[in-house]
Structures are given as C-alpha cells and as structure tokens.
Amino acid sequence: MVLKSEDVNYLVHRYLKESGFLHTSYMFQFESQLFKNDNEIPSVEPGSLIRVLQKGLQYMDVETHLNEDGSARLCSAPFSLVGKHVCSLMTDAAPNGRAHGGHTLVHDTGTAAKEGAKRPTKTRDTTIAHLPPTVAASVIAPADDDDESMDVDVPDTERDSQRHSSEPGSKPTSNSTSGGANVRKTRLIDRVQVLRGHASSVFLCAWNPASNNVLATGAGDGTARIWDLSRPKTDDEYSVVLKHDALPGEARVDVTSVVWNSQGTLLATACFSGEMRVWTAAGELKFVLKQACQVPIVAMRWNHKGTLLLSAFLDGSIALWDMQTGQLRQEYKGHKGSVLDVDWQDNSTFASCATDKSVIVWRDGLPTPVKTFVGHKNDVNAIKWHPAGKYLASASDDGSVKVWSMSSDTPVQDFFGHAQQVYTIKWLPRPDKAIVASASFDGTVRVWDVQSGACLRVLSAHTAGVHCLSFSSDGRYLASGSFDKNVRIWSIKDGSLFKTFVADDGIHDVQWAAKGRVAVAIANTQVALLDPLNA
C-alpha cells in the first residue's frame, strides 16, 4: 500500500470544492502545488475523502473494542475522529474503570477531552452528522437508478418548510409552499445534447446574449471554449479553444470567470493565476489585461454598455478596465478581506462584497466608496442588483439574504429561513417585480417577495447544497443545480417541481438561454444542453 501526499492533497482539495469552500480550495491548490506536474487529473467520486475517513474510523472502532480472545465489547458511545473515546458498555463496568477482560474504558482518538464533558446520547451513526450537505449526501444517498425513463418520487418537505418559515424575519403567506408538497412525481429529462472537449471539471457556462447558439464554458484544464452550436461538429469553428497560461511550475490552472458583454461581441475570461483575457466572439484574442502582481481572480463583470470591465481579486482589491484600450482605468481598495463578487447597477455605479462581511457601493471616477452596507455576520458570498437597479440583494454565510436600498443605511428586508450558508441569489427577470431567489447549502431554494417581506416558495428536492440558479427569460421557471448530480426545473407559479435532469457528477453551473435551452456545467468534464420546456 502506497500513501502519497499528492493523493491526500487532491482529496482535501476536492472536499473543499464539494463543500462550497471554493476560494479556500483555490488557495490550497496554489500552496500545495497540486497540479505542478502535467499528470492526468484523478477521477474520484464526490465525498471520497469522507468515505476514506469513515472507513478508517470504523476500523479504529473495531480495533478499540476488540478483546484479546477475539470477542467484541458492546459500546454505545459514539466514536469520533477527535477527542477521547469514553466507552459506555452494555454490561456493568468494574469500579476501577476497567471492563471485563482488563481493557481500559478510555481511548484517546485525538486531542484530550475536557474533564466533566457531557457524554453524548446513545448513537452509532455519528460519522457524517456534522458534514457539509454536499459531502454528507454523497455518503448517505442511495445509488442512482439506471432506468432514466422512470418517474422519481419527490421528498415530502412540507414539515421542513413549516419549521423554517417560523424563523425570525420570514413572513410566509398562505401560498408559501414546498415544491415537494405540491408535486409527488417529476419527469426525468433524458433528451440531452452533450458537449465534450474539456479535460477537467467544467465550472462555468455563459450563453452569448446575442445568439442562442453560442455558448462559452470554462474549466479546470486551463481553457475556456466558445461553442457554435449552429455548426456541424466536424467544423473547426464548432468549438474554439481559448488557452490560459498556468503559474510557473504549474501544469494547469482553473478558469474562474467567463462573461460576455451585453452586445455579445466580446468575452472576458479570468483564471486562478490572475491572468485576464478578452476575446472576440470568434475566439480571437483582443486584450491581455496586465496587473502588477498575480492574484487569483474570482469574478468579472461588464457594465451595461460593454465599455468597462470589473475584476475582483482575493487580495481585497477591485480593478476597473477600459475596454476601448485594454488599460487599467482605476483600482479600488476598501475591503479588508477577499472580494467574492461584484455587480453593476448601471454604466458607472457598481457594488462589491467580501469576506469582511461588508457590501460597498462604488462609482467610476471616485476613489472612495459611495456607500457601505454593514449588517451581515459572516462572509458575503454574492450580490445582485435588481433589474431596474432599485434594490441590491446580498447572500451570506450567516444564512440570511438582505435587500438594500441606496436611500437607507439599513436593509429594506432581512430574510431568514435557510439553515445553512446562502451561496448565490438571482432576481426574477422582471423590472416591475421585486422577487429574489436564494440557494443554500441546506439543499433548498427560497423565493422571497421584497414588497411584502414574505417567503413565497420553499423549493426542496435536492439532497446536497445548491450552488447555482438561473431563471428562464420569461421568469416562469427556475433551474437549480447541486452536487447531488441533479438539475431541478421548478415552476415559479405554484412552486412545483417540473422536471429533473440527472448527471453523472456534481453540477457546478446552470445557465438558461434567452430561448429555451439550459446549459449545465458538470464536474465530469462535460457540458449538457437541456430543453426542459420541449423535452
């Protein structure tokens, strides 16, 4: 048996990504030099590290409770990775703290337990109780059914919905429902077009806003691709590869951002090495955006006119680029932690959020913040301006969604209800409405009404954390993706689960095109194209 540090590091890296700690996983990848050699990326199932630890823990459990004569002591106390194990035997123990056979009842499995600590209640299923849902679900979830033509039952989560709706800040109306409570079964999507070409996990996908047949994708193989689906697969322009340079000594680098300008004429890409490039729609390199030092980039956004481009860095800085010249226009430094997201309100005003728990509003030409919103109690993962620019929504690791207005220093709405971190948010694409959807590591999607303060929908069918959301262009449907390998298509009208697509691996991104199709970025190196309204 050979235990290599590279294998251990890769499992830790995968665990961080699967648990939603994307920025931490990037830093760990960089510091451990995980891909310094041009080796094939291992193919492992989600939750592999947890399964290895679970099996090791089971072995330690057996070894600890094995008597010299080969018999086993029956112990009802839980066995954990850390802390002293204190046996709670099914038979009476001797007063000196020894059981039959002369073995000690205290076993050190890690750091010393505190004196007088309360003994846990009887349970043997403790190895996954406190794991992130993404990983825990991969350990306990049943195997996928190979018969994709069958209908699948949707879990009944009505009681869970009622429990969460009573938490502070949420005001569910009589229409607040769980998708599982509305629909008992859902049809599986089996008519799927698969795009192959990437050599590693696909993280991102973005439809060209000017064409329903042009899709951009970004992956962990150091490339982005522009797919022209109107061309035959034999055409050289069917898939154009956009390459990015890795850091010195690295074999590959993750592409961390892929965004089109609103006109669909330019595509901006960024990667973990800090490299930013701007391409034409045909895949020709237009600009290489240079920064003073190579810092990982986690987000890029175009303004509405497509004349300015924002880039957010893990060192807490934000860069504004002039897309007429490809030169740095201005740099903003106001956050005390890594910037995790940026978004434009209009052509000159934008907002940023960071691990320092704050949301800051900036304006082109002004070096200092226009406004700072403080109220979250943990990292702010995502921000999104309302389609009309009236509100700014923010999602945080504190489990809340806050809605801000430039006319107030306090939130217009403070939505609570998620049991874990909120990873992303999306507004209903209608300027006349103020409805926002949030996705959480608790496996649910919630739909909130800013005007009434109500939680309109609790969409529950995923068995792991939900990482991505996308509304259909008419706002009638919402797609959600998770590392439980499922893409769920929900009806916003009644909260019912409309259709489901089951992939071979975890889902990193979902994006709904202007007309019908949904692109799905999958961890198995593939991109799936669905047509849920016509399938």
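The name recorded for the chain in an unreviewed UniProt entry is Anaphase-promoting complex subunit 4-like WD40 domain-containing protein, from Coemansia aciculifera. We quote the UniProt Subcellular location (unreviewed entry) comment for the chain here in full: "Nucleus".

**Student:** Sorry if this is basic, but what is going on with the overall build of the chain here?
**Tutor:** Counting its secondary structure elements, the chain contains six helices and 37 strands. If you take every contact in the chain between residues at least 6 apart in sequence, the share linking residues at least 24 apart comes to 51%. If you sum the accessible surface of the chain, you get close to 24,400 Å²; carbon and sulfur atoms cover 49% of it.

**Student:** Which parts of the structure should I look at to understand the side chain of Lys-371?
**Tutor:** Note on placement: Lys-371 falls in strand E22 (residues 371-374). Within the structure, Lys-371 has its side chain in polar contact with the side chain of Asp-409 (distance 2.7 Å). Leave out the neighbours within four places in its chain, and Lys-371 touches Val-359, Ile-360, Val-361, Ser-405, Met-406, Ser-408 and Asp-409.

**Student:** Sorry, what's going on with unusual backbone geometry here?
**Tutor:** What is expected of a backbone is that most residues other than glycine have negative phi and most peptide bonds are trans. At Lys-485, a position not held by glycine, the phi torsion is positive, near 80 degrees. For Lys-485, a relative accessible area of 16% translates into the label buried. With a phi angle near 85 degrees, Thr-525 is a residue other than glycine that sits in the positive phi range.

**Student:** Whenever I open this one, the UniProt feature "repeat: WD" (unreviewed entry) in the chain confuses me. Can you help?
**Tutor:** Mapped onto this numbering, the UniProt entry annotates "repeat: WD" (unreviewed entry) at residues 195-237, 297-331, 332-362, 373-414, 415-458 and 459-500. The distance from the first to the last C-alpha atom of residues 297-331 is 14 Å, and the span holds 0% helix and 66% strand. In residues 332-362, the share of helix is 0% and the share of strand is 61%. The end C-alpha atoms are 8 Å apart.

**Student:** Sorry if this is basic, but what is going on with helix H1 (residues 5-18) here?
**Tutor:** In an α-helix, one turn spans 3.6 residues, which is why side chains three or four residues apart end up on the same side. With 14 residues, H1 should reach 20 Å at 1.5 Å per residue; the first-to-last C-alpha distance of 20 Å fits that figure. Listed as buried for H1 are Tyr-10, Leu-11, His-13, Arg-14, Leu-16, Lys-17 and Glu-18.

**Student:** In this structure, what is going on with helix H3 (residues 48-64)? I would like to understand it.
**Tutor:** Its 17 residues place the ends of H3 24 Å apart at the C-alpha level, agreeing with the 24 Å of an ideal helix rising 1.5 Å per residue. Among the residues of H3, Ser-48, Leu-49, Ile-50, Gln-54, Leu-57, Asp-61 and Thr-64 are the ones counted as buried.

**Student:** Explanation requested: the packing of aromatic side chains in the structure shown.
**Tutor:** Aromatic rings in a pair are described by how distant their centres are and how their planes are angled relative to each other. For the coordinates displayed, the defined rule picks out 10 aromatic pairs. Judged by centre distance (5.2 Å) and plane angle (80 degrees), the ring pair of Tyr-332 and Phe-350 falls under edge-to-face. Pair noted here: Tyr-332 is in strand E18 (residues 327-333) and Phe-350 is in strand E20 (residues 349-354), with a separation of 18 residues, a long-range link. Relative accessible area serves as the criterion here: at 0%, Tyr-332 is assigned to the buried category. On the basis of relative accessible area, Phe-350 is assigned to the buried category, the value being 0%. Aromatic side chains Tyr-477 and Trp-512 sit 6.5 Å apart centroid to centroid with 25 degrees between the ring planes, which places their arrangement in the stacked category. Here Trp-512 lies in strand E35 (residues 507-512) and Tyr-477 lies in strand E32 (residues 477-482), a separation of 35 residues in the sequence. Every member of this aromatic cluster is reached through a ring pair, and the members are Tyr-332, Trp-344, Phe-350 and Trp-362.

**Student:** Any chance you could explain the environment of Cys-75 here in plain terms?
**Tutor:** Its place among the elements puts Cys-75 in the loop between H3 and strand E1 (84-86). Taking the C-alpha atoms as reference points, Cys-75 and Ser-88, separated by 13 residues in sequence, lie 5.3 Å from one another.

**Student:** Mind showing me how you'd approach the sheet that holds strand E13 (residues 276-280) here?
**Tutor:** Neighbouring strands of a sheet are bound in pairs by backbone hydrogen bonds; such pairs are parallel or else antiparallel. The strand order across the open sheet built from four strands is E11-E12-E13-E14, with neighbouring strands paired in antiparallel fashion. Both edges of this open sheet fall to strand E11 (255-260) and strand E14 (285-289), since each of them pairs with a single strand only. In this sheet, adjacent strand axes meet at a mean angle of 15 degrees when their direction is disregarded. The pairing of E11 with strand E12 (residues 266-271) spans five bridges and is antiparallel. Bridge pairing in E12 links Ser-257 to Ala-270.

**Student:** Any chance you could explain the sheet that holds strand E10 (residues 239-243) here in plain terms?
**Tutor:** Strand order in this open sheet of four strands is E7-E8-E9-E10, and the pairing throughout is antiparallel. Of all strands in the sheet, those bounded by a partner on one side alone are strand E7 (202-207) and E10. In this sheet, adjacent strand axes meet at a mean angle of 20 degrees when their direction is disregarded. Pairing geometry for strand E8 (residues 214-219) and strand E9 (residues 223-228), over five bridges, is antiparallel. Within E9, the residue paired with Val-214 across the bridge is Asp-228.

**Student:** Please explain the packing of H1 against H3 as it appears in this structure.
**Tutor:** The description of two packed helices rests on the angle between their axes and on the distance between the axes. Taken N-terminus to C-terminus, the directions of H1 and H3 make an angle of 115 degrees; their axes are 8 Å apart at the nearest point. Residues Leu-11, Val-12 and Tyr-15 of H1 form the contact with H3, whose own contacting residues are Ser-48, Leu-49 and Ile-50. Partitioned by chemical class, the residues of the contact of H1 with H3 number five nonpolar, one polar and no charged.

**Student:** When you look at a nonpolar patch on the surface in this model, what are you seeing that I'm missing?
**Tutor:** A cluster of nonpolar side chains, Leu-53, Leu-81 and Val-82, forms an exposed patch at the surface whose accessible area comes to about 260 Å². With respect to the helices and strands, the residue Leu-53 is situated in helix H3. Exposure remark for Leu-53: the relative accessible area of 36% places this residue in the partly exposed category.

Parameters at a glance
- Residues numbered from 1 in each chain as written.
- Predicted model: local features only at pLDDT ≥ 70, side-chain atom pairs only at ≥ 80, totals over all residues.
- Heavy atoms only, no water.
- UniProt positions renumbered as here; feature names shortened; annotations may be inferred.
- Helix = DSSP H or I, 4+ residues; strand = E, 2+ residues; numbered from the N terminus.
- Contact = heavy atoms within 4.5 Å.
- Areas by Shrake-Rupley, 256 points an atom, 1.4 Å probe, with all protein chains shown as cover.
- Polar contact = N/O pair within 3.5 Å; in protein donor to acceptor, adjacent residues only side chain to side chain.
- Buried < 20%, exposed > 50% of the residue type's maximum accessible area, 1.4 Å probe, protein only.
- Expected span 1.5 Å × (residues − 1).
- Phe/Tyr/Trp six-rings, centres within 6.5 Å; stacked < 30°, edge-to-face > 60°.
- Pairing = 2+ DSSP bridges.
- Axes fitted to C-alpha atoms, helices over the stretch in contact; angles between N-to-C directions.
- Nonpolar A, V, L, I, M, F, W, Y, C, P; charged D, E, K, R; others polar.
- Patch = residues over 30% accessible without salt bridge, like charges linked within 9 Å, V, L, I, M, F, W, Y side chains within 5 Å.
- Salt bridge = Lys/Arg side-chain N within 4 Å of Asp/Glu carboxyl O.

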